[in-house]
Amino acid sequence: MNLNCISRKNLPDILCRMPKAELHIHIEGSLEPELIFELAARNRIHLPYPSIRELRTAYTFTDLQSFLDLYYSGAGVLQKEEDFFDMTWAYLKRAKAENVLHAEIFFDPQTHTARGIPFETVISGLDRAIRRGREDLGLSASLILCFLRHLSEEDAFAVLEDALPFRDKFIGVGLDSSERGNPPGKFAGVFARCRELGLRLVAHAGEEGSAEDIRQALDLLKAERIDHGVHCLEDPQLVERLAQQRIPLTVCPLSNVKLCVFPNLAAHNIGALLAAGITATINSDDPAYFGGYVNQNYTATFAALPELGAQEAYQLARNSFQASFMDERMKDGWIRKLDEFFAHFCLKA
Ligand code: ADE
Ligand code: ZN
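Thresholds, definitions, all that
Residues numbered from 1 in each chain as written. Chains lettered and ligands numbered in written order. Predicted model: local features only at pLDDT ≥ 70, side-chain atom pairs only at ≥ 80, totals over all residues. Heavy atoms only, no water. Helix = DSSP H or I, 4+ residues; strand = E, 2+ residues; numbered from the N terminus. Rg over C-alpha atoms; globule rule 2.2 N^0.38 Å. Buried < 20%, exposed > 50% of the residue type's maximum accessible area, 1.4 Å probe, protein only. Contact = heavy atoms within 4.5 Å. Areas by Shrake-Rupley, 256 points an atom, 1.4 Å probe, with all protein chains shown as cover. Lys, Arg positive; Asp, Glu negative; His and termini not counted. Charge placed at Lys NZ, Arg CZ, Asp CG, Glu CD. Expected span 1.5 Å × (residues − 1). Arc of directions from axis to C-beta. 1 Å grid on protein atoms, 1.4 Å probe; cavity = no way out; pocket = protein on both sides within 12 Å on 5 of 7 lines; lining within 4 Å. Points joined across faces, edges and corners; volume = space filled by probe spheres on them. Nonpolar A, V, L, I, M, F, W, Y, C, P; charged D, E, K, R; others polar. Near = heavy atom within 4 Å. Polar contact = N/O pair within 3.5 Å; in protein donor to acceptor, adjacent residues only side chain to side chain. Sits in = over half its atoms within 2 Å of the grid points. Donors = N, O, S within 2.8 Å, 3.2 Å for Na, K, Ca; no water. Tetrahedral: all angles 85-135°; square planar, octahedral: opposite > 155°, others 65-115°. Disulfide = S-S within 2.5 Å.

**Observations regarding the overall build of the protein chain**
Within the protein chain one finds 17 helices and eight strands. By the compact-globule yardstick of 20 Å for 349 residues, the protein chain fits well, its C-alpha radius of gyration being 19 Å. The C-alpha extent of the protein chain, read off along each of the three principal axes, is 55 × 40 × 40 Å. A burial count over the protein chain gives 58% of its 349 residues as buried. In the protein chain, the proportion of contacts linking residues at least 24 apart, taken out of those at least 6 apart, comes to 76%. Summed over all atoms, the accessible surface of the protein chain reaches about 13,900 Å², with 50% contributed by carbon and sulfur. For the protein chain, the distance from the average position of its 37 positive side-chain charges to the average position of its 48 negative side-chain charges is 6 Å.

**Quick word on helix 17 (residues 328-348)**
Over its 21 residues, helix 17 extends 30 Å from the first C-alpha to the last, a length consistent with the 30 Å expected when each residue adds 1.5 Å. Listed in full, the buried residues belonging to helix 17 are Lys331, Trp334, Ile335, Leu338, Phe341, Phe342 and Phe345. When helix 17 is viewed along its axis, its buried side chains cluster within an angular range of 110° and face the same direction. Opposite its buried face, helix 17 presents the exposed residues Arg329, Arg336, Leu347 and Lys348, each directed more than 90 degrees away. Tucked into the core, helix 17 has its buried residues touching helix 1 (11-17), strand 2 (100-107) and helix 16 (310-322).

**Quick word on empty space enclosed by the protein**
Using the criterion set out here, one finds one cavity of 30 Å³ or more in the structure. Each pocket or cavity is described by its volume, and for the largest cavity that value is around 100 Å³. The biggest single contributor to the lining of the largest cavity is helix 4 (residues 64-74), with five residues. The residue makeup of the lining of the largest cavity, split by class, is five nonpolar, four polar and five charged.

**Considering the site of ligand 1**
Around ligand 1, the surrounding shell consists of His26, Leu64, Phe67, Leu68, Tyr71, Asp176, Ser177, His204, Glu207, His228, Asp285 and Asp286. Separating a nitrogen atom of ligand 1 from a backbone N or O atom of Ser177 is a distance of 2.8 Å. A distance of 2.7 Å separates a nitrogen atom of ligand 1 from a polar side-chain atom of Asp286. The fraction of the free accessible surface of ligand 1 (260 Å²) that becomes covered by protein chains is 100%. If you map ligand 1 onto the pockets, it falls in the largest cavity. It is helix 4 that provides the largest number of residues to the shell around ligand 1, a total of four residues. Its residues placed into classes, the shell around ligand 1 shows four nonpolar, four polar and four charged.

**Looking at the coordination of the zinc ion (ligand 2)**
Those donors, His24 (NE2), His26 (NE2), His204 (NE2) and Asp285 (OD), are the protein atoms that reach the zinc ion (ligand 2), and they lie 2.0 to 2.2 Å from it. Of note is the zinc ion (ligand 2), whose four donor atoms meet at the metal with angles of 81 to 173° in an arrangement that counts as irregular.

**With respect to unusual backbone geometry**
In the Ramachandran plot, Cys260 falls in the positive-phi region, its phi being about 65° despite a non-glycine side chain. You can see Cys260 is positioned in the loop between helix 12 (253-258) and helix 13 (270-275). Even without a glycine there, the phi angle at Asp285 is positive, about 65°. Residue classification places Asp285 among the buried residues on the basis of a relative accessible area of 2%.

**A word on the state of the cysteines**
Taken as a whole and judged by the stated rule, the model has one disulfide. Sulfur-sulfur distance for the disulfide between Cys5 and Cys346 comes to 2.3 Å. With a gap of 341 residues between them, Cys5 in the segment before helix 1 and Cys346 in helix 17 connect regions that are remote in the sequence. The class for Cys5 is partly exposed, based on a relative accessible area of 35%.

Below you can see the structure in the form of structure tokens.
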């Protein structure tokens, strides 16, 4: 589609209104300070912060680990099925308002089972919200269970065992948490088992880690999609492979700046990834902690990078559907809607 007709001044509006999918959102990272305080009161949990404002001001990070410490402690207010429901429902309403038509949502069960919360409590709350989202909002969403890579592979096998009675409630598995010192190869056995079970496979790699971590995720885990992956540009052969094999990257620009992967958005490499032919997408990662949901990620990134215009907006939204695990018919349907959306803007121009 030729989108030269669209002027740059219309971009923020287009980015917010265009249909899109979100493929990299940790549901525990959508827990806003307001909800943390509400759930703490409901569950009689003492928080080490006197106010919502003071909790929010603690959100200054120097690297991934400094964020994870706060993120895991924030998740401690989630105790009951309805807490998991409320958190997920809040995200889905927000996603709907931002014209997200489909979301693939990560959850970290080990963060909860380690505190004695049954797996069933976690997944039942998440699943009930997703069903309601489908019915009341017309938003399709699915769950991806993430293994915490700072824990052992044995622990990952144990949570997989807990999860299997609920196999119909999640579509795949991922790998998250501290990348340094925990290479993908550590989880080759459990990913092989998940593959046998027919689960979809994704992994965080090349966020703080190197191109070699991305290679391991592809070769040793058989990951179908790479979360972040921004360090692939260190390795031209890997870039060619990602482009040729159409392995998508779920990129999270505001997260990358907050966690000091890039000094600012103007230094971000999303434009270079697209120019290299990679199926890159834009996502929010942990929106409550990083200063914005998916539309803020789009608008701030486009404002900072002059090489991104209407063509790239269309490409990123198209990639978000293409890179999803929806069936081909659903993908085609949403992409048709996207085409109509952009055609309408061109007609008006
Ligand atoms: N868990 C939540 N957000 C994460 C991130 N950006 N990287 C790794 N693990 C995470
Ligand atoms: Zn992430």
